[in-house]
Amino acid sequence: MGWPWTACKSHDQPSSVSQWKPPVDGWIKIDVDASFIEESGPASAGIIIRDYAGNVIISTWRLLFHCTSAEEAELQACREGLRLGLEWSQLPAIRSGD
């Protein structure tokens, strides 16, 4: 069974104040990030996948359970970002994140 991601498919352009750098034409870019609060243990991950023009293919976030570190949360976000990239696009991908 897949992970319970909260997803939003959109074709909106990214904000003009963003420092985001697009991939080259014919590629997608998978941006991932995660958070982890060491004192209490909650973690979350966010993923956004865009094409060369900045169009959002999918954006999603979710809570992560049973994480023991910020590095583990980042790894889970990376893994899911790559999985979603394969699911939502046939184009080659680059990954960006911490």
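Residues numbered from 1 in each chain as written. Predicted model: local features only at pLDDT ≥ 70, side-chain atom pairs only at ≥ 80, totals over all residues. Heavy atoms only, no water.

If you check an unreviewed UniProt entry, the protein appears there as RNase H type-1 domain-containing protein from Eragrostis curvula.

For the protein, the helix and strand inventory stands at one helix and five strands. For the protein, the α and β elements follow one another from N to C terminus as β-β-β-β-α-β. Looking at the protein as a whole, 36% of its 98 residues are labelled buried. The contacts of the protein with a sequence gap of at least 6 include a subset with a gap of at least 24, amounting to 63%. When the accessible area of the protein is evaluated, it comes to approximately 6300 Å², of which 58% is carbon and sulfur surface. (Helix = DSSP H or I, 4+ residues; strand = E, 2+ residues; numbered from the N terminus. Buried < 20%, exposed > 50% of the residue type's maximum accessible area, 1.4 Å probe, protein only. Contact = heavy atoms within 4.5 Å. Areas by Shrake-Rupley, 256 points an atom, 1.4 Å probe, with all protein chains shown as cover.)

On to unusual backbone geometry, then. Although it is not a glycine, His66 adopts a positive phi angle of roughly 70°. Mapped onto the elements, His66 comes out in the loop between β4 (56–64) and α1 (70–88). Look at His66 and you get exposed, because its relative accessible area is 74%.

Quick look at the packing of aromatic side chains now. Here the structure, examined in full by the defined rule, presents zero aromatic pairs. Residue placement shows Arg50 over the ring face of Trp20; its charged tip is 4.2 Å from the ring centre. (Phe/Tyr/Trp six-rings, centres within 6.5 Å; stacked < 30°, edge-to-face > 60°. Lys NZ or Arg CZ within 6 Å of the ring centre and 35° of its normal.)

Another point: the environment of Ala73. Structurally, Ala73 is set in helix α1. Classification of Ala73 as buried rests on a relative accessible area of 0%. Sequence spacing of Ala73 and Asp33 is 40 residues, and the spatial spacing of their C-alpha atoms is 8.5 Å. Once residues within four sequence positions are removed from consideration, Ala73 is found in contact with Ala34, Ser35, Ala43, Leu64 and Cys67.

Attention shifts here to α1. For α1, built from 19 residues, the straight-helix expectation of 27 Å at 1.5 Å per residue is met to within 8% by its first-to-last C-alpha distance of 27 Å. Contact partners of the buried residues in α1: β2 (28–36), β3 (43–51), β4 and β5 (93–96). (Expected span 1.5 Å × (residues − 1).)

This part covers the confidence of the model for the protein. Averaged over all residues, the pLDDT of the protein equals 83, while 81% of them reach at least 70. Counted against residues more than four places away or in other chains, residues 1–17, with its pLDDT under 50, gives 35 contacts. (pLDDT = per-residue confidence, 0-100.)

A separate point is the pairing of β2. Counting buried residues along β2, seven of its nine residues qualify, which places the element largely inside the surrounding structure. Bridge count for β2 against β3 is nine bridges, and the pairing is antiparallel. Bridged to Asp33 within β3 is Gly46. Taking the residues that link successive antiparallel strands as the turn, the β2-β3 hairpin has six residues, and the phi of Gly41 there is positive, at about 95°. (Pairing = 2+ DSSP bridges.)

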